[in-house]
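Each chain, written out:
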Amino acid sequence: MKITGEIKISDNGFVFNSRTGDSFNLNPFGLELIKCIEAGNDFEQIRAQILEKYEIDDLSFEKDFYEFCALLKHHQILSQDNPLDFK
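Reading the values: the criteria
- Residues numbered from 1 in each chain as written.
- Predicted model: local features only at pLDDT ≥ 70, side-chain atom pairs only at ≥ 80, totals over all residues.
- Heavy atoms only, no water.
- Buried < 20%, exposed > 50% of the residue type's maximum accessible area, 1.4 Å probe, protein only.
- Helix = DSSP H or I, 4+ residues; strand = E, 2+ residues; numbered from the N terminus.
- Pairing = 2+ DSSP bridges.
- Expected span 1.5 Å × (residues − 1).
- Arc of directions from axis to C-beta.
- Contact = heavy atoms within 4.5 Å.
- Polar contact = N/O pair within 3.5 Å; in protein donor to acceptor, adjacent residues only side chain to side chain.

What about the pairing of strand E3 (residues 14-17)?
Inference 1: Burial of the side chains of E3 is restricted to one face: Val 15 and Asn 17 are buried, whereas none of Phe 14 and Phe 16 on the reverse face is.
Inference 2: Across 3 bridges, the pairing between strand E2 (residues 7-9) and E3 is antiparallel. Within E3, the position partnered with Ile 9 by the bridge is Val 15.
Inference 3: Counting the residues in the hairpin turn of E2 and E3 gives 4 residues, including Gly 13, whose phi is positive at 100°.

Laid out in structure tokens, this is it:
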């Protein structure tokens, strides 16, 4: 999975899609996740980093991460070669 080329992300969580003209504001946690994805980290790397840093159980993180990725895909921010592979 990767952030599409038309997406611009500011350091304060403002996301702009130049293809659609849509813009979004992320909270600090969402910004951290999208920066991890942008850096090319895979699911396992992101999961390990988040579980070490925050008090969240593995199952809750996985559910929330998949929901976040689904939202990113819906808004054409995230693209995947295999739509069923979030890892």
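Considering helix H3 (residues 58-74)
An α-helix turns once per 3.6 residues; consequently, residues spaced three or four apart project the same way.
Inference 1: An ideal rise of 1.5 Å per residue puts 24 Å on 17 residues; H3 measures up with 24 Å between its terminal C-alpha atoms.
Inference 2: Within the span of H3, buried status applies to Phe 61, Phe 65, Phe 68, Cys 69 and Leu 72. Taken around the axis of H3, the buried residues stretch over an arc of 100°, which confines them to a single face. Every exposed residue of H3 that faces more than 90 degrees away from the buried side is listed here: Leu 59 and His 74.
Inference 3: Structurally, H3 contributes buried residues whose contacts are with helix H1 (28-38), helix H2 (43-53) and strand E5 (78-79).
Inference 4: Where H3 begins, the side chain of Asp 57 points an oxygen toward the backbone nitrogen of Leu 59, at a separation of 3.2 Å.
Inference 5: Phi turns positive, to about 60°, at Gln 76, one or two residues after H3.

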